[in-house]
Amino acid sequence: MAPVQTTKMSNFRWVICGLLFLATTVNYMDRQVLSLTWKDFIAVDFHWTDANYGFITGMFSLFYAIANLFAGKFIDWMGTKKGYLIAIFVWSTGAVLHAGCGWVAMNLEGYDSIAALRAVEAGSDAAIAIATISVWLFLSCRLILAVGEAGNFPAAIKATAEYFPAKDRAFSTSIFNSGASVGALAAPATIPLLARAWGWEMAFIIIGVLGYVWMGLWLWLYEKPRKNKRVNQAELNYIEQDIDIAEVQNREAVKEEKAIPFFKCFSYKQTWAFLVGKFMTDGVWWFFLFWAPAYFSDQYGYTSDSTMGILLIFTLYFIVTVLSIGGGYLPKYFVEKRGMNPYLGRMRAMLIFACFPVLGLLAQPMGAYSPWWPAILIGLLGAGHQAWSANLFSTIGDMFPKSTIGTIVGLGTMTGGFGSMAINMGSGEFFTWAAAQGSAFSFFGFEGKPAAYMVVFCICAVAYLIGWCIMKTLVPKYKPIVVE
């Protein structure tokens, strides 16, 4: 006699969603260890300048952008389980390897200890040699980190498609994607304290090892729904409720929708509008992600491991996390309540979000009254960016056939990486130069390095409005691409 099928549905899909959330949180924390330790810990050991750090962050942005072009195809080729395991193994290994850079530099330069490296006279030929070799060692680790981290979102999105019906995917995606915000909040509260207690090397190791722990959970818990003994028939039926519809739609798509050849994509103004939007604005987010801890240390003396330093960075990202949630509602309001087409509603919302970064112009002047003002204003800028970015990605679906969306996303990620590389490398060189100039360089009442920060903040403040104007000029109204 066949066993009676229970009518109560299991909910294992949410366990999988929880794993995706944890992976995204670890992904973001691994990325932030360097930005939260370099100024107050690593730079002291290796005699780094802002230019050295800017070079590392700029090249990481480029590595990550290039890797994203291939990550999705790799995950499709390896499958979700193996592909995700390989991705997190690679980035966790890259994270842990950072801890060995000091030991390798010490031996290559012929010193007995890290303390001996630190004791070398600043500005001497020996100090420059130590800085140079250590920069290239860290850069090698950042390359490994970038290649692995690029696999996180393609793998997570693929797992979501496997475990959730179409109607639940947006919600489940928003849950695991919130791991980025949680990681941004957790990192300043933990990483500097780890570095102070056990050294910056242990901060890299401890955060990196979290990825290996996650791998164990993934191996134990993940199988495709039909093969997973933790998914009962009722839940499987729920997960696969639209599988027949999807198959029909896919067959129709193959018949009706042709992919746009790669090079032909560049002949459309819609492509260039998206690329400009990414190039102009991605670098702003990465600049504040990589430089905010150093900014509060440089300008106000609050090191990343001080209570005040931790609270300032935490407040900044808390504002980003809470306010950016509204980014998806505003275009919906314009479309549903005001009757606009999706593209027009999205562009109207993006214009509003592009005004948020203008508040960055006040960060330096208001910092004279309290460091809380820059934290709040940069947080508002970051919230505007996240809302802008979410809607910018959505313009692809408004304009391009589904068969070409992946290609356009890859191209946009690449150009965003170029913009990030430019602002991070340029800022590092600029800060080093401005610090050396002192009072000889002034801007808006600030001198030396504070003046350089003011210049970069001004660039960040207007980048979104310039990007929006160029996009609107290229594509003034809703015009989806139809492939003949």
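The structure we're discussing is the one just above.
Participant: When you look at the environment of V96 in this model, what are you seeing that I'm missing?
Facilitator: Its location among the elements puts V96 in helix α3 (residues 80-97). Looking at V96, the relative accessible area reads 22%, which means it is partly exposed. Considered as a pair, V96 and M202 are 106 residues apart in the sequence and their alpha carbons are 8.7 Å apart.

Participant: I tried to follow the environment of N177 on my own but got confused; where do I start?
Facilitator: One can find N177 in helix α8 (residues 166-198). Judged by its relative accessible area of 37%, N177 falls in the partly exposed class. Expressed as a C-alpha distance, the spacing of N177 and W103, which sit 74 residues apart in the sequence, is 36 Å.

Participant: For this particular structure, what's the right way to read the packing of helix α4 (residues 101-109) against helix α6 (residues 125-149)?
Facilitator: The relative placement of two packed helices comes down to the angle between their axes together with the axis-to-axis distance. Running from N to C, α4 and α6 point in directions that differ by 140 degrees, and their axes come no closer than 9 Å. When the interaxial angle is binned, α4 and α6 end up oblique. Viewed along their axes, α4 and α6 form a crossing whose handedness is right-handed. Residue-level inspection shows C101, V104, A105, L108 and E109 of α4 in contact with α6, the latter providing A129, I130, I133, L137, F138 and C141. For the contact of α4 with α6, the per-class residue count stands at 10 nonpolar, no polar and one charged.

Participant: Is there a simple way to explain the pattern of salt bridges in this structure?
Facilitator: Pairs can form between side chains of opposite charge whenever their charged atoms are close. Within this structure, the stated rule accounts for eight salt bridges. In this structure, R31 engages E149 in a salt bridge whose closest nitrogen and oxygen atoms are separated by 2.9 Å. Here R31 is found in helix α1 (residues 12-46), whereas its partner E149 is found in helix α6, with 118 residues between them in sequence. As far as burial versus exposure is concerned, R31 and E149 are alike and both buried. In this structure, K278 and D282 form a salt bridge, with 3.0 Å as the shortest nitrogen-oxygen distance. Of this pair, K278 and D282 both sit in helix α12 (residues 269-300), four residues apart, which is roughly one turn of that helix. Looking at D282, the relative accessible area reads 10%, which means it is buried. Each of K39, D50, D298 and K449 takes part in a single network of salt bridges with overlapping partners.

Participant: It is not clear to me how α12 should be interpreted in this structure. Could you clarify?
Facilitator: The α-helix winds at 3.6 residues per turn, so residues separated by three or four positions along the chain end up facing the same way. Here α12 contains 32 residues, and its C-alpha end-to-end distance of 45 Å stays within 8% of the 46 Å for a straight helix at 1.5 Å per residue. Burial runs high along α12: 25 of the 32 residues are buried. Of the residues flanking the end of α12, it is G301, one or two places downstream, whose phi is positive at about 80 degrees.

Participant: Quick question: what am I supposed to make of unusual backbone geometry here?
Facilitator: Phi is mostly negative for residues that are not glycine, and the peptide bonds are mostly trans. The backbone of H47 sits at a positive phi, close to 60 degrees, despite the residue not being glycine. In this fold, H47 is placed in the loop between α1 and α2 (50-78). When its relative accessible area of 16% is taken as the criterion, H47 is described as buried. Even without being glycine, F444 reaches a positive phi, approximately 50 degrees.

Participant: I keep staring at the nonpolar core and nothing clicks. Help me out?
Facilitator: Soluble globular proteins tend to bury their nonpolar side chains together. With 140 residues, the main nonpolar core has W48 and F138 as its most contacted residues. Broken down by element, the residue count for this core peaks at 17 residues, all from α1. Non-local contacts of W48, meaning those with residues more than four positions away in its chain, are made with L34, W38, I42, A43, I56, A131, S134, V135 and F138.

Participant: So what exactly am I meant to see when it comes to the packing of aromatic side chains here?
Facilitator: In this description, a pair of aromatic rings is defined by centroid distance and the angle of the planes. Evaluated as defined, the whole model comprises 46 aromatic pairs. Ring centres of F55 and W136 lie 5.6 Å apart, and the angle between their planes is 70 degrees; on these two criteria the pair is classed as edge-to-face. In this pair, F55 sits in helix α2 while W136 sits in helix α6, placing the two residues 81 residues apart along the sequence. Ring geometry for F287 versus F431: centroids 6.4 Å apart, planes at 55 degrees, classification tilted. In this pair, F287 is assigned in helix α12 and F431 in helix α18 (residues 405-437), connecting sequence segments 144 residues apart. According to the relative accessible area criterion, F287 is buried, its value standing at 1%. Given the relative accessible area of 0%, F431 is considered buried. Positioned above the aromatic ring of Y64, the side-chain terminus of R31 is 4.8 Å from the ring centre. Against the face of F60 rests R142, its NZ or CZ located 4.8 Å from the ring centre.

Rules of the game
Residues numbered from 1 in each chain as written. Predicted model: local features only at pLDDT ≥ 70, side-chain atom pairs only at ≥ 80, totals over all residues. Heavy atoms only, no water. Helix = DSSP H or I, 4+ residues; strand = E, 2+ residues; numbered from the N terminus. Buried < 20%, exposed > 50% of the residue type's maximum accessible area, 1.4 Å probe, protein only. Axes fitted to C-alpha atoms, helices over the stretch in contact; angles between N-to-C directions. Parallel < 35°, antiparallel > 145°, perpendicular 65-115°, else oblique. Left-handed = near helix turned anticlockwise from the far one by under 90°. Contact = heavy atoms within 4.5 Å. Nonpolar A, V, L, I, M, F, W, Y, C, P; charged D, E, K, R; others polar. Salt bridge = Lys/Arg side-chain N within 4 Å of Asp/Glu carboxyl O. Expected span 1.5 Å × (residues − 1). Core = buried A, V, L, I, M, F, W, Y, C linked by side-chain atoms within 4.5 Å. Phe/Tyr/Trp six-rings, centres within 6.5 Å; stacked < 30°, edge-to-face > 60°. Lys NZ or Arg CZ within 6 Å of the ring centre and 35° of its normal.

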